[in-house]
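# A structural walkthrough
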Amino acid sequence: MTGNFTGNGASRKKPFWVKFFTHWGRKIAPPSAGNNLESRKSLWKRLILLLLLASAVGFLLPSQALGTSLLVILLLAILFEFSAGNIRKFSPDDKDLVFLTLLLVAMLAATKASLAVFPFIEPAFPEIPHSAYVYGIGIAAGAILVRIVVNSETALVFSVVASVLAGWLLDNSVFFSVYFFIGSVVGAHSVGYCEDRNILLKTGAKVGLVNVLTILCQNLIGHEWVLSTVGFNLLFGFLGGVVAAVVVLGILPFVEWVFGYTTNIKLLELANLNHALLKKMLLEAPGTYHHSVVVSTLAETAARAVNANPLLARVSAYYHDIGKITKPLYFVENQGLQENKHDKLEPSMSSLILVSHVKDGLELAREYNLGQKISNIIQQHHGTSLISFFYQKAKDQENPEMDQVDEGAYRYHGPRPQTKEAALVLLADAVEAASRTLLQPTPARLHGMVQKIINAFFTDGQLDECELTLKDLHQIAKSFNTILTGIHHHRVEYPAPAAKESSGKKRNNGDFFKQPAKTGRDRHPEDKKSGEEDIKRLGM
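Residue positions are given per chain, counting from 1 as you read along its sequence in written order. Under the rules for a predicted model, residues below a pLDDT of 70 receive no local features and side-chain atom pairs below 80 are neither given nor counted, while totals for whole chains, interfaces and linings still include all residues. Where side-chain values are given, they derive from all heavy atoms of the structure, hydrogens and water being excluded.

What follows covers the overall build of the protein. Per the convention used, a helix needs a DSSP run of H or I reaching at least four residues, while a strand needs a run of E reaching at least two, with both numbered from the N terminus. Within the protein, the regular secondary structure consists of 21 helices and zero strands. Evaluated residue by residue, the protein yields a buried proportion of 43% over its 540 residues. Relative to all contacts within the protein whose residues are 6 or more apart in sequence, the contacts with residues 24 or more apart total 74%. Carbon and sulfur atoms make up 60% of the accessible area of the protein, which totals about 29,700 Å². Partly exposed describes any residue whose relative accessible area lies between the buried limit of under 20% and the exposed limit of over 50%, with all areas from a 1.4 Å probe on protein chains only and scaled to the type maximum. The contact criterion used throughout is that any non-hydrogen atoms of two residues lie within 4.5 Å. The protein chains shown are the only cover counted for residues, whose accessible areas, like all others here, come from Shrake-Rupley with a 1.4 Å probe.

To continue, consider unusual backbone geometry. A cis amide bond, omega 10 degrees, links Gly 414 with the succeeding residue Pro 415. Relative to the helices and strands, Pro 415 resides in the loop between α17 (388-396) and α18 (420-435). Despite not being glycine, Asn 307 has its phi angle at roughly 60 degrees, a positive value. Counting through the fold element by element, Asn 307 comes out in the loop between α13 (286-305) and α14 (310-319). Given a relative accessible area of 61%, Asn 307 falls into the exposed group. At Asn 369, a position not held by glycine, the phi torsion is positive, near 55 degrees. Tracing the chain through its elements places Asn 369 in the loop between α15 (347-367) and α16 (372-380).

A pairing counts as a salt bridge when a side-chain nitrogen of Lys or Arg comes within 4 Å of a carboxyl oxygen of Asp or Glu. On inspection of all chains with the given rule, the structure shows 12 salt bridges. Among the ionic pairs, Glu 339 bridges to Lys 344, the shortest N-O distance being 3.5 Å. For Lys 344, a relative accessible area of 66% gives the class exposed. A salt bridge links Arg 436 to Glu 432; its shortest N-O distance comes to 2.8 Å. Classification of Glu 432 as buried rests on a relative accessible area of 3%. Look at the salt bridges and you will find they share partners, linking Glu 300, Arg 304 and Arg 314 into a network.

The next thing to look at is the confidence of the model for the protein. As a per-residue measure, pLDDT tells how confident the predictor is, with possible values from 0 to 100. Of all residues in the protein, 81% have pLDDT values of 70 or greater, and the mean over the chain is 83. Note on residues 2-35: pLDDT is under 50 here. Beyond four places in sequence and across chains, it has 38 contacts. Low pLDDT, under 50, characterises residues 501-540; the stretch is placed with 32 contacts to residues that sit more than four places away or in other chains.

What follows covers a nonpolar patch on the surface. Candidates for patches are residues over 30% relative accessible area with no salt bridge; among them, like charges are joined within 9 Å and nonpolar side chains (Val, Leu, Ile, Met, Phe, Trp, Tyr) within 5 Å. A contiguous nonpolar surface patch, about 490 Å² in accessible area, is contributed by Leu 235, Leu 239, Val 242, Val 243, Val 246, Val 247 and Ile 251. Note on placement: Val 242 falls in helix α10 (residues 227-259).

Interaxial angles span 0 to 180 degrees and are taken between N-to-C directions of axes, which are lines fitted to C-alpha atoms, for helices over the stretch in contact. Closest axis-to-axis distance for the helix α9 (residues 197-222)/α10 pair is 8 Å, and the angle between their directions is 150 degrees. Comparing the axis directions of α9 and α10 gives the class roughly antiparallel. Considering only the axes of α9 and α10, their crossing is right-handed. Each residue is assigned to one class: nonpolar for Ala, Val, Leu, Ile, Met, Phe, Trp, Tyr, Cys and Pro, charged for Asp, Glu, Lys and Arg, and polar for all the others, Gly among them. When its residues are assigned to classes, the contact of α9 with α10 shows 17 nonpolar, eight polar and one charged. In this scheme, roughly parallel covers angles under 35 degrees and roughly antiparallel covers those over 145, while 65 to 115 is roughly perpendicular and the rest are oblique. Throughout, a crossing is termed right-handed when the near helix is turned clockwise from the far one, and left-handed when it is turned anticlockwise from it by less than a right angle.

Right, let's get into α14. Within α14, 10 of the 10 residues are buried, leaving the element largely enclosed by the surrounding structure. Restricting attention to buried positions, one finds in α14 the residues Pro 310, Leu 311, Leu 312, Ala 313, Arg 314, Val 315, Ser 316, Ala 317, Tyr 318 and Tyr 319. Those residues of α14 hidden inside the fold are in contact with α11 (264-270), α12 (276-284), α13, α16 and α18. For α14, the N-terminal capping position is held by Asn 309, with its side-chain oxygen 3.1 Å away from the main-chain nitrogen of Leu 311. Pairing of N or O atoms within 3.5 Å defines a polar contact, subject to two protein rules: one partner must be a possible hydrogen donor and the other a possible acceptor, and residues neighboring in sequence count only if both atoms are side-chain atoms.

Here the focus is the side chain of Ser 292. Counting through the fold element by element, Ser 292 comes out in helix α13. Among all residues touching Ser 292, those that are not within four sequence positions of it are Met 281, Ala 317, Tyr 318, His 320 and Asp 321.

Let's shift gears to the packing of α14 against α16. Two numbers describe how α14 lies on α16: the axes approach to 9 Å, and their chain directions differ by 60 degrees. If you check the angle between α14 and α16, you find them oblique. Here α14 and α16 pass one another in a crossing that is right-handed. Contact residues: Leu 312, Val 315, Ser 316 and Tyr 319 in α14; Lys 373, Ile 374, Ile 377 and Ile 378 in α16. When grouped by side-chain class, the residues that make up the contact of α14 with α16 number six nonpolar, one polar and one charged.

Let's shift gears to the side chain of Asn 151. Within the element layout of this structure, Asn 151 appears in the loop between α6 (140-149) and α7 (152-169). Its relative accessible area of 18% is what places Asn 151 among the buried residues. Among the polar contacts made by the side chain of Asn 151, one reaches the main-chain carbonyl oxygen of Lys 89 at a distance of 3.2 Å. Among the polar contacts listed, one links the side chain of Asn 151 to the backbone nitrogen of Glu 153, at a separation of 3.3 Å. Look past the residues within four positions of Asn 151 in its chain and what remains in contact with it is Lys 89 and Val 146.

Time to look at helix α19 (residues 443-459). One fewer than the residue count of a helix, multiplied by 1.5 Å, yields its expected span. Under the 1.5 Å per step criterion, the end-to-end length of α19 is 24 Å for 17 residues, consistent within 8% with the ideal 24 Å. Contacts made by the buried residues of α19 are with α18 and α20 (470-487).

The next thing to look at is the packing of aromatic side chains. Centres within 6.5 Å are what make two rings of Phe, Tyr or Trp a pair, Trp counting through its six-membered ring; a difference in plane orientation under 30 degrees is then read as stacked, over 60 as edge-to-face, and the rest as tilted. A full pass over the atoms with the stated rule returns 17 aromatic pairs. Ring centres of Tyr 133 and Phe 236 lie 5.2 Å apart, and the angle between their planes is 65 degrees; this geometry places the pair in the edge-to-face category. Taken together, the residues Tyr 133 in helix α5 (residues 130-134) and Phe 236 in helix α10 connect sequence positions 103 residues apart. Overall, the relative accessible area of 6% leaves Tyr 133 in the buried class. Clustering of aromatic rings is evident, with ring pairs tying together Tyr 135, Phe 175, Phe 176, Tyr 179 and Phe 180.

Dropping the structure here:
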């Protein structure tokens, strides 16, 4: 739900070399000294990375260094322009580009080193043909790692570059470029929602099986059926997938630590309700804790309905309101029977306190190392929405002869949700809070409330910068209605006991009173009557 705008009624296409060094697919603020400085810094960073990569490839092929380096620059520039202009989710930032460059250089260096080591291994295993070792090179590890820490679109582009350059190192072999590309794509696809390290081992097995099929296709094309050669080729082809998985298992924690990426495996660790920050919220802001747990259920269910990341939605919902820990009694869910502290404050001050919980949450997220993805959702979970209660209160107290109330002072600072998961947390947060205000939360009233809240955010433009469609909003409302109806279900009134036991009365749930009831001779008639009315009033 995004729009593209051009200035002065027209747009002018930039040269591809400019697009390569500038941020793609992002809304750029009007030119200013600060923006120009950042743009120049970004340009130099990307230029240095490109030269580093070209130089590394040239170093690996010293006899063709100049031509190789220039060809790498041409390949990356054209591929980057096409991907950024046609693949919506391909917009790597500076950190991603550093990671991709270093990963590609490391993979190519490892490939070149492997080719240098293979001749020393051959004498120890003379029965294994030299060509078989090459099939065991785990180029697919790069695409698998990129898919886990960035996204599938970037992994696809990386697969193209890595496969072409790896085939280039293998005497310009077209087959090995295709072989590595197929394995990389299968590996990246298999770790779409990698929530367990065992999934990586299964992915390695899948890549190995696909490698085997690709080698069989090669033999069918070339009519090469020497049994020993084909057997070893198939064996090392399968081992190539396993090697890729083992490499990813080994370096993934290092990549998470160095680059600060938040993977699904990291999210599973943060999903533990015994996490120190969640336990702190439970003790200091119990109402917020319960609210967050319900929001997580709503967000996770909706994420499954709209093909978002349910694990990210659930975990980010756990932590989206952690900023309320610093001032818990200023939020109604934590006040209990105490007086409302906002009754003695000006609306503007109350608004500042509510807005500050986002900033406080970001500080806690950095302190507890929650990762960038969760920090982004904490920052975006209110978007730029209006704090309507205190804004209306300020309007009611407004003096027409004085300055008018500024609506911007009663809005969150944003930004608006940039991802599906951030938008789901925003909607689930508002829906759960609003459901608490219904005196009689019947299914019909809950459905009407959910639709009203979603429409309000939609018309306010809070969903303009995420990827939710109108169809997605319909599915989200449907999932919210299902969960809320289950939470606010009604219980039937328990009937009065049909018979009395001599030793006492039995509850409907099968429990007995600890003391036997008095008989009619021992009880006063009025006490007996009032006691029966009390029991009926309690539904027993």
